[in-house]
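Each chain is listed here by its residues.
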Amino acid sequence: MGGFGWWPLLWSLILLSVLLIVGYGIYTHGRPPANEQTHTDTALSTLRSRYARGEISEEEFEERRRRLEE
């Protein structure tokens, strides 16, 4: 590889790794974890079912829905 040896290749790999890590961090920042989103969806679905069956009042439904969506 001439007079430079492996240094240019090594620094290119390091730079690429740093860019990938930073890009992944920016991409995932602010997104809820997948299991948290699924939990909220399941809870909201259960709440809607209970409201549809008449087990809870409209006021209770709205209050609980608001808490889940926070």
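See above for the structure.
Treat the numbers as computed from the prediction; the structure is a model and nothing was measured. (Residues numbered from 1 in each chain as written. Predicted model: local features only at pLDDT ≥ 70, side-chain atom pairs only at ≥ 80, totals over all residues. Heavy atoms only, no water.)

Draft legend 1. Main features of the overall build of the protein. Helix and strand counts for the protein come out as three helices and zero strands. In the protein, the succession of α and β elements from N to C terminus is α-α-α. Going through the 70 residues of the protein one by one, you find that 6% of them count as buried. Carbon and sulfur atoms form 61% of the exposed surface of the protein, whose accessible area is close to 6200 Å². (Helix = DSSP H or I, 4+ residues; strand = E, 2+ residues; numbered from the N terminus. Buried < 20%, exposed > 50% of the residue type's maximum accessible area, 1.4 Å probe, protein only. Areas by Shrake-Rupley, 256 points an atom, 1.4 Å probe, with all protein chains shown as cover.)

Draft legend 2. Broad picture of the pattern of salt bridges. Counted by the stated rule, this structure contains six salt bridges. Of the charged contacts in the structure, one is a salt bridge between E55 and R53, with a shortest N-O distance of 2.8 Å. Looking at E55, the relative accessible area reads 45%, which means it is partly exposed. Between R67 and E63 there is a salt bridge, and its shortest N-O distance comes to 2.5 Å. Linking R67 with E63, this pair stays in helix α3 (residues 58-69), spanning four residues, or about one helical turn. A residue is classified by how much of its surface remains accessible, and R67, at 57% relative accessible area, is exposed. Each of R50, R53 and E55 takes part in salt bridges that share partners, so that together they form one network. (Salt bridge = Lys/Arg side-chain N within 4 Å of Asp/Glu carboxyl O.)

Draft legend 3. Structural view of a nonpolar patch on the surface. On the surface, W7, L10, W11, I14, V18, V22 and I26 cluster together into a nonpolar patch covering about 730 Å² of accessible area. For W11, the position within the fold is in helix α1 (residues 7-28). Overall, the relative accessible area of 53% leaves W11 in the exposed class. (Patch = residues over 30% accessible without salt bridge, like charges linked within 9 Å, V, L, I, M, F, W, Y side chains within 5 Å.)

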